[in-house]
Amino acid sequence: MQRRPERQAPSPGRHEMRLRVNPVACDAFGYCAELIPELITLDEWGYPVVDEDPVPAHLRGLALRALRDCPRRALLLDTSAARGSPR
Amino acid sequence: MTVVDSTVTAQPVRLLAAWHETGRADLEAHRAVHGPLPVARRHDREYPERLLDAVARSGLTGRGGAGFPTVRKLQAIARVRRRPLVVVNALEGEPASSKDAVLLTLTPHLVLDGAELVGEAIGAVEIAVCIPEHRDDLARHLGAALAERAAAGMGTAPVRVSRLVGRYVSGEESALADGLAGGEGRPHFRVSKGAPLAVRRRPALVHNAETLAHIALIARHGPGWFRSAGSPEAPGTSLVSVSGMVQRPGVYEVELGTPVGAIVDQAVPAEPIGAVLVGGYGGAWLSGKDVGTPYTPKALAAAGSTMGVGVLGVVGRSTCGVAETARVASYLAGESAGQCGPCTFGLPAIARDLLALAHGDGDQRTLARLQMRLDVVVGRGACRHPDGAVRLVRSALSVFADDLAHHVRHRPCSGWNRRPLLPVPVSR
């Protein structure tokens, strides 16, 4: 699966949420990609590739549901400022 | 590993000065050459600030691979209320690196001095020196050094030697903390890197052994002295393990800013340099035509490489860089902690693609699939292990582009049958 192209990150607003996955907890159930294909796709091994841009308002409900439905609780909603370079 | 007398080549001898001058590693020789440990006098409230100030002004950065400004870690732990643990990281999981083992063998007191000085400054309750569990020799050298220090009445915080699993990723900070706490020693997912490390709820300050050795000298001679070697943006000296197609492999102390080629020359290349793997197996190749690049983080990055941990793996022009990289990539795949899908499955797939290309079993489609996999794996693990493997392979595709153009036409090369160069441990 292709990674999403880089986009200019907007400056962090008060109510911004970004989806993140804890890759250690994730066991590739794939529920998240089913629920929000707009933001999550699966790589060839079944693991989620998560769009790092802020979750659009109309998808927030689904994002929260994906968090609840993940059997491994591997999804997180990050409300801190833009991640920038990986840790 | 041969340690060469660096004084012949006019590189500064700092970290191994006591060994060079006396041929001994004991406390008496150490004191004779370096002088006494500049410990804080009792109730010296200004000592922590003085030490941190000296480290700040020296510009010392970590020598474990991340190159993080050392003073910032010290400042962060100094802000924590609970008394911390000082962890000396000498796990040295890089197969081509032996600098930390050399330090613990030839000048353990310098490393222990650094740990003690830092421990004093941050009120540490304990110091843990971490070595790979199979290194009986290092345990012996450390044991002897600690016994000498105890007999001399040195140190306030107790020092223990922790023998931990010595896999490739075991020395990653969070893996190390996990191992110390009695876990399996696999890296942890951290929401933000700022989150402080802890071992059983005690805050932990982790430093590479060499970094602490530098601190021990900075405390004695001052930041100006430290900066008198190296360059303004990359001050001081660093230990580099040189291996591969060289006649005198070993650990060399070099001034930062020295051209990579000049460092390699000390080890006497056996044939014209084809390329140099810089920074370890998660580092990046530097083409032979670019060996004039100064050995600093900035210059190496600008040349498409990276400083990483002090390792230079030299291959000759007759070596197949694709084949060497495929071997290393296979090793890295086998060293995945197996916790994250993209790393567990992605690295072996990447290694297989590269092996196919090296064997002459691959073509343009193989290459395209490999590049797609590199893009999809990067940044998606809990630690930087997959990122290092991706960096290594991407740099190989660039530096060995000519070899690759040959391989994608289903052709192996004569370099494939040569004896492998870069040290890769037998897989478990």
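What counts, and where the lines are drawn
- Residues numbered from 1 in each chain as written.
- Chains lettered and ligands numbered in written order.
- Predicted model: local features only at pLDDT ≥ 70, side-chain atom pairs only at ≥ 80, totals over all residues.
- Heavy atoms only, no water.
- Helix = DSSP H or I, 4+ residues; strand = E, 2+ residues; numbered from the N terminus.
- Rg over C-alpha atoms; globule rule 2.2 N^0.38 Å.
- Buried < 20%, exposed > 50% of the residue type's maximum accessible area, 1.4 Å probe, protein only.
- Contact = heavy atoms within 4.5 Å.
- Areas by Shrake-Rupley, 256 points an atom, 1.4 Å probe, with all protein chains shown as cover.
- Buried area = accessible area lost by both parts, 1.4 Å probe.
- Salt bridge = Lys/Arg side-chain N within 4 Å of Asp/Glu carboxyl O.
- Polar contact = N/O pair within 3.5 Å; in protein donor to acceptor, adjacent residues only side chain to side chain.
- Nonpolar A, V, L, I, M, F, W, Y, C, P; charged D, E, K, R; others polar.
- 1 Å grid on protein atoms, 1.4 Å probe; cavity = no way out; pocket = protein on both sides within 12 Å on 5 of 7 lines; lining within 4 Å.
- Points joined across faces, edges and corners; volume = space filled by probe spheres on them.
- Pairing = 2+ DSSP bridges.
- Axes fitted to C-alpha atoms, helices over the stretch in contact; angles between N-to-C directions.
- pLDDT = per-residue confidence, 0-100.
- Phe/Tyr/Trp six-rings, centres within 6.5 Å; stacked < 30°, edge-to-face > 60°.
- Lys NZ or Arg CZ within 6 Å of the ring centre and 35° of its normal.

1. Brief notes about the overall build of chain B
At step 1: Helix and strand counts for chain B come out as 17 helices and 13 strands.
At step 2: Taking 428 residues into account, the globule formula puts the C-alpha radius of gyration at 22 Å, and chain B, at 22 Å, falls close to it.
At step 3: Summarising its shape, the C-alpha atoms of chain B cover approximately 70 × 50 × 40 Å along the three principal directions.
At step 4: Burial analysis of chain B (428 residues in total) assigns 57% to the buried set.
At step 5: Long-range pairs, those at least 24 residues apart, make up 71% of the contacts in chain B between residues at least 6 apart in sequence.

2. So, the overall build of chain A
At step 1: Along its length, chain A carries two helices and four strands.
At step 2: Reading the helices (α) and strands (β) of chain A from amino to carboxyl end gives β-α-β-β-α-β.
At step 3: Within the span of chain A, comprising 87 residues, buried residues form 41% of the whole.
At step 4: Counted over contacts in chain A with a minimum sequence separation of 6, partners at least 24 positions apart contribute 66%.
At step 5: When the accessible surface of chain A is totalled, it reaches about 5,200 Å², and 51% of it is carbon and sulfur.

3. Section: the interface of chain B and chain A
At step 1: Of the residues lining the interface, 22 residues belong to chain B; the matching set on chain A comes to 16 residues.
At step 2: Buried area between chain B and chain A, both sides added, is near 1,900 Å², and the carbon and sulfur share of it is 57%.
At step 3: If you look at where chain B meets chain A, you find two salt bridges.
At step 4: At the junction of chain B with chain A, the criterion picks out five residue pairs in polar contact (both at pLDDT 80 or more).
At step 5: Listed by contribution, the elements that provide at least two residues to the side of chain B that touches chain A are helix H14 (341–359) and helix H15 (364–377) of chain B.
At step 6: Residues belonging to the side of chain B that touches chain A are distributed by class as follows: eleven nonpolar, five polar and six charged.

4. Structural notes on the layout of surface pockets
To find leftover empty space, one rolls a probe the size of a water molecule over the atoms.
Residue and element names in this part refer to chain B.
At step 1: Estimates place the volume of the second largest pocket at around 470 Å³.
At step 2: Lining the second largest pocket are 21 residues, with Ala40, Arg41, Arg42, Glu120 and Thr156 sitting closest to its centre.
At step 3: Ranked by residue count, the leading element in the lining of the second largest pocket is helix H6 (residues 108–122), at three residues.
At step 4: Split by residue class, the lining of the second largest pocket holds eight nonpolar, six polar and seven charged.

5. Some points on unusual backbone geometry
Residues and elements named next belong to chain B.
At step 1: The backbone of Arg201 sits at a positive phi, close to 70°, despite the residue not being glycine.
At step 2: With respect to the helices and strands, the residue Arg201 is situated in the loop between strand E5 (198–199) and strand E6 (202–208).
At step 3: Residue class for Arg201 comes out exposed when judged on its relative accessible area of 69%.
At step 4: Positive phi values are uncommon outside glycine, yet Val268 reaches one of about 60°.
At step 5: Its location among the elements puts Val268 in the loop between helix H11 (260–266) and strand E11 (273–278).

6. Describing the pattern of salt bridges
At step 1: Going through the model one piece at a time under the given rule, you end up with 30 salt bridges over all chains.
At step 2: Close ionic contact of Arg57 of chain B with Asp53 of chain B constitutes a salt bridge, the shortest N to O distance being 3.0 Å. Placement of both Arg57 of chain B and Asp53 of chain B in helix H3 (residues 47–58) is noted, with a separation of four residues, approximately one turn of the helix.
At step 3: With a relative accessible area of 37%, Asp53 of chain B lands in the partly exposed category.
At step 4: Bridged by salt links that share partners, the residues Glu44 of chain A together with Asp353, Arg369 and Arg373 of chain B form one connected network.

7. Side note on the side chain of Asp51 of chain A
Residues and elements named next belong to chain A.
At step 1: Among the structural elements, Asp51 can be located in the loop between strand E3 (48–50) and helix H2 (60–69).
At step 2: Under the relative-accessibility criterion, Asp51 is labelled buried at 8%.
At step 3: Within the local environment of Asp51, its side chain forms a polar contact with the backbone nitrogen of Asp53, the two atoms lying 2.8 Å apart.

8. Quick look at the sheet that holds strand E4 (residues 159–164) of chain B
The strands that make up a sheet pair up through hydrogen bonds in the backbone, lying either parallel or antiparallel.
All names here are of chain B.
At step 1: Strand order in this open sheet of five strands is E4-E3-E2-E6-E5, and the pairing throughout is mixed. Looking at which strands have only one partner, the edges of the open sheet turn out to be E4 and E5.
At step 2: Alignment of E5 against E6, held across two bridges, turns out to be antiparallel. The partner of Ala198 across the bridge, within E6, is Pro203.
At step 3: Sitting on the sheet, helix H9 (residues 209–221) is in contact with strand E2 (85–89) and E6, with an inclination near 85° to E6.

9. Focus: the confidence of the model for chain B
All names here are of chain B.
At step 1: Across chain B, the average pLDDT comes to 93, with 96% of residues at 70 or higher.
At step 2: Per-residue pLDDT stays below 50 along residues 4–8; that stretch engages in ten contacts with residues further than four places along the chain or on separate chains.
At step 3: This complex was scored by the predictor with a pTM of 0.93 and an ipTM of 0.90.

10. Overview of the packing of aromatic side chains
All names here are of chain B.
At step 1: Summed over all chains, the structure comprises five aromatic pairs over all chains.
At step 2: An angle of 80° between the planes, with centres 6.2 Å apart, marks the rings of Tyr281 and Tyr331 as edge-to-face. With Tyr281 in the loop between E11 and strand E12 (284–287) and Tyr331 in helix H13 (residues 321–334), this residue pair connects regions lying 50 residues apart in the sequence.
At step 3: Just above the ring of Trp225 sits the side chain of Arg14; from NZ or CZ to the centre is 4.0 Å.

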